[in-house]
Amino acid sequence: QVQLVESGGGLVQAGGSLRLSCVASGHIFSINTMGWYRQAPGKQRELVAVLTAGTGTNYADSVKGRFTLSRDSAKNTVYLQMNSLKPEDTAVYLCHAHISPFGNSGWNNYWGQGTQVTVSS
């Protein structure tokens, strides 16, 4: 069983910074994509940033230049460094990964439980 565990959310003033972490654990043969989505109250879930193996990182236009996604492959961990935070960044941030657990049984989507990020004005 694969699990994604997030950490690092919290309350910060506008202009501040936070760093989110997501660790994938369990039986993992290969990771295709790993990244972050967010969902604000009353809004649809949206992509924040995702790293695709062999391709690179995609960011939502709203976070380009402010957020940076990085990965420690040895630890199956991704980090989202969020700078110059704005009140509109307030949301539950969810880690997502597209993982092949055993190599010959296909790929599955996995989600973390989410971590709250609140940016006060």
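Residues numbered from 1 in each chain as written. Predicted model: local features only at pLDDT ≥ 70, side-chain atom pairs only at ≥ 80, totals over all residues. Heavy atoms only, no water.

Some remarks on the sheet that holds strand E7 (residues 67–72)
The strand order across the open sheet formed by 4 strands is E1-E3-E8-E7, and the pairing between neighbours is antiparallel. At either end of the open sheet lies a strand with only one pairing partner, and these are strand E1 (3–7) and E7. If you compare each strand with its neighbour and ignore which way they point, the axes differ by 15 degrees on average. Pairing of E1 with strand E3 (residues 18–25) involves 5 bridges; the strand directions are antiparallel. (Pairing = 2+ DSSP bridges. Helix = DSSP H or I, 4+ residues; strand = E, 2+ residues; numbered from the N terminus. Axes fitted to C-alpha atoms, helices over the stretch in contact; angles between N-to-C directions.)

Examining the state of the cysteines
Inspection of the entire model under this criterion finds 1 disulfide. A sulfur-sulfur distance of 2.0 Å marks the disulfide that ties Cys 22 to Cys 95. With the S-S dihedral at roughly -85 degrees, the linkage between Cys 22 and Cys 95 falls on the left-handed side. Of this pair, Cys 22 sits in strand E3 while Cys 95 sits in strand E9 (residues 91–100), placing them 73 residues apart in sequence. Across the pair, exposure class does not vary: Cys 22 and Cys 95 are buried alike. (Disulfide = S-S within 2.5 Å. Buried < 20%, exposed > 50% of the residue type's maximum accessible area, 1.4 Å probe, protein only.)

Focus on the pattern of salt bridges
Under the defined criterion, the tally for this structure stands at 4 salt bridges. Between Asp 89 and Arg 38 there is a salt bridge; the shortest N-O distance is 3.0 Å. Of this pair, Asp 89 sits in the loop between strand E8 (77–82) and E9 while Arg 38 sits in strand E4 (residues 30–39), and the two are 51 residues apart along the sequence. Look at Asp 89 and you get buried, because its relative accessible area is 0%. A relative accessible area of 5% places Arg 38 in the buried class. As a salt-bridge pair, Arg 66 and Asp 89 come within 2.7 Å of each other at their nearest N and O atoms. Of this pair, Arg 66 sits in the loop between strand E6 (56–59) and E7 while Asp 89 sits in the loop between E8 and E9, placing them 23 residues apart in sequence. Residues Arg 66 and Asp 89 agree in their burial class; the two are buried. Each member of the salt-bridge network shares a partner with another, and the members are Arg 38, Glu 46, Arg 66 and Asp 89. (Salt bridge = Lys/Arg side-chain N within 4 Å of Asp/Glu carboxyl O.)

Describing the environment of Val 63
Residue position: Val 63 is located in the loop between E6 and E7. Sequence-wise, Val 63 and Ser 84 are 21 residues apart; in three dimensions their C-alpha atoms are separated by 9.5 Å. Once residues lying within four places of it in the same chain are set aside, the contact partners of Val 63 are Arg 38 and Val 48. (Contact = heavy atoms within 4.5 Å.)

Focus on the side chain of Ser 21
As for its position among the elements, Ser 21 is in strand E3. Here Ser 21 is in contact with Val 5, Glu 6, Ser 7, Trp 36, Val 78 and Tyr 79, once residues within four sequence places are set aside.

Brief notes about the nonpolar core
Judged by nonpolar contacts, the single largest core of 31 residues is most densely connected at Met 34, Trp 36, Leu 80, Met 82 and Tyr 93. Looking at this core, the elements with two or more residues in it are E3, E4, strand E5 (46–52), E7, E8, E9 and strand E11 (115–120). Sorting elements by how many residues they give to this core places E9 first, with 5 residues. (Core = buried A, V, L, I, M, F, W, Y, C linked by side-chain atoms within 4.5 Å.)

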